[in-house]
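Here's the letter readout for the chains.
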Amino acid sequence: MTVGAASIAGMWIYIVAVLAAIVAVFWIFGHRVEMNLSTMILGAIAYFVFDTILLAMVFDNIVVGTFSRGLYDTITTNPMVFVPYYAITRGLFYMLGMYIATRMSMRSDTPGGGVAIAIGFTAGFGIMNRNHGIWTVFQAWRTAHAVNAQGGVDAYLALMRAEEAEAEDIESMRVSLDALCDTTLGYYIVNVVEVLLIMGALFAMAVIIHLAVTRRAPYRYLGLSVPMYMVVMLPTAVMLAGLMPGGRAVYDVLLAAVCGGTIALAAVLAKKYMKNPMKW
């Protein structure tokens, strides 16, 4: 069994679509609002630090995975525990990342600083996220290429045995490769739509948080951002836990509603408050 050509094409459609969306947003807003490239870079760094390092490596793997093994097992095996854990931790860490990025950028702040942070943060998500990032898809393509070059899954696993890989690692790889071979072009197209909806919601949240932290908008919106972030993360948490009633279609509708709602709120606040002077 090999990875089909349609599946491989879908991977590249996914990668190109996400990159194109990032470039398009940069081009559109770069001509419309005043912002600094340094603030944009700060947003990308904030994503990398708070998601890839603090959340994934430190909190998920070390604090929960190593020091609290029983809790880790409960979270990963009990969907009713996993859902609030995923939504709350992502909501808190993402909010903190954008809050710190905004505070650090205030000495060189511009009215479009929130847009700059949003572009950097969502670009980081689109590229580096473990579930949705194009780097993950690119690694899947590399694996698919290696499997097909070896002549299929069985030949690839035979090579792993010849290299004396652990039996547990071989079995885990078999499960992953079977899932990879089952993917289709449609699978990646649907995933492109979903990741762009999530990125849209994150973009809007960055703008809202920036307006609140710089006191252009009422500061209460910073407190509201925490439950709003949890709502943004909730559909994905429910979907990953296998609890989504109606499956993928309902998930996509919920993502569209979350994305549309947060963007609408961000647009209203930006129109009303963005041109206000920053207040320390």
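Rules used in this analysis
- Residues numbered from 1 in each chain as written.
- Predicted model: local features only at pLDDT ≥ 70, side-chain atom pairs only at ≥ 80, totals over all residues.
- Heavy atoms only, no water.
- Core = buried A, V, L, I, M, F, W, Y, C linked by side-chain atoms within 4.5 Å.
- Buried < 20%, exposed > 50% of the residue type's maximum accessible area, 1.4 Å probe, protein only.
- Helix = DSSP H or I, 4+ residues; strand = E, 2+ residues; numbered from the N terminus.
- Phe/Tyr/Trp six-rings, centres within 6.5 Å; stacked < 30°, edge-to-face > 60°.
- Axes fitted to C-alpha atoms, helices over the stretch in contact; angles between N-to-C directions.
- Parallel < 35°, antiparallel > 145°, perpendicular 65-115°, else oblique.
- Left-handed = near helix turned anticlockwise from the far one by under 90°.
- Nonpolar A, V, L, I, M, F, W, Y, C, P; charged D, E, K, R; others polar.
- Salt bridge = Lys/Arg side-chain N within 4 Å of Asp/Glu carboxyl O.
- Contact = heavy atoms within 4.5 Å.

A.B. asks: Can you tell me about the nonpolar core, naming the residues and giving the values?
C.D. replies: Core analysis: the largest hydrophobic core is formed by 86 residues, its most contacted members being Tyr14, Tyr94, Val115, Phe125, Val207 and Tyr229. Sort the elements by how many residues they give to this core and helix α9 (residues 185-213) lands first, with 18 residues.

A.B. asks: Give a detailed account of the packing of aromatic side chains, specifying residues and quantitative values.
C.D. replies: In the structure shown here, the tally under the stated rule is 14 aromatic pairs. The interplanar angle of 70 degrees and the centroid separation of 5.4 Å between the aromatic rings of Trp12 and Trp141 together place this pair among those described as edge-to-face. Of this pair, Trp12 sits in helix α1 (residues 5-30) while Trp141 sits in helix α6 (residues 134-150), and the two are 129 residues apart along the sequence. The exposure class assigned to Trp12 is partly exposed, which follows from its relative accessible area of 36%.

A.B. asks: Explain the packing of α1 against α9 to me, using residue names and the numbers behind them.
C.D. replies: Helix packing geometry: the angle between the two helix axes and the distance between the axes. Put simply, α1 and α9 touch, their axes get as near as 8 Å, and they point 25 degrees apart. For the element pair α1 / α9, the angle class is roughly parallel. The two elements α1 and α9 meet at a crossing, and its hand is right-handed. Within the contact of α1 with α9, the residues separate by chemical class into 18 nonpolar, three polar and no charged.

A.B. asks: If you had to explain the pattern of salt bridges to someone new, which residues and values would you point to?
C.D. replies: Taken as a whole and judged by the stated rule, the model has two salt bridges. Two residues, Arg216 and Asp109, come together in a salt bridge whose shortest N-O distance is 2.6 Å. In this pair, Arg216 sits in the loop between α9 and α10 (220-240) while Asp109 sits in the loop between α4 (79-105) and α5 (113-128), placing the two residues 107 residues apart along the sequence. An identical accessibility class is assigned to Arg216 and Asp109; each is buried. Across the salt bridge formed by Glu194 and Arg248, the nearest N and O atoms sit 2.7 Å from each other. Here the residue Glu194 occupies a position in helix α9, and Arg248 occupies one in helix α11 (residues 248-273), the gap between them amounting to 54 residues. By relative accessible area, which is 1% here, Glu194 ends up buried. According to the relative accessible area criterion, Arg248 is partly exposed, its value standing at 32%.

A.B. asks: Before we move on, can you summarise unusual backbone geometry with the specific residues and values?
C.D. replies: Of note, Arg215 is a non-glycine position whose phi angle comes to about 60 degrees, a positive value. Accessibility expressed as a relative area gives 38% for Arg215, which makes it partly exposed.

A.B. asks: Can you lay out the side chain of Thr39 for me, pointing to particular residues and giving the numbers?
C.D. replies: Considering the arrangement of structural elements, one finds Thr39 in helix α2 (residues 37-64). Leave out the neighbours within four places in its chain, and Thr39 touches Ser105, Gly113, Ala116 and Ile117.

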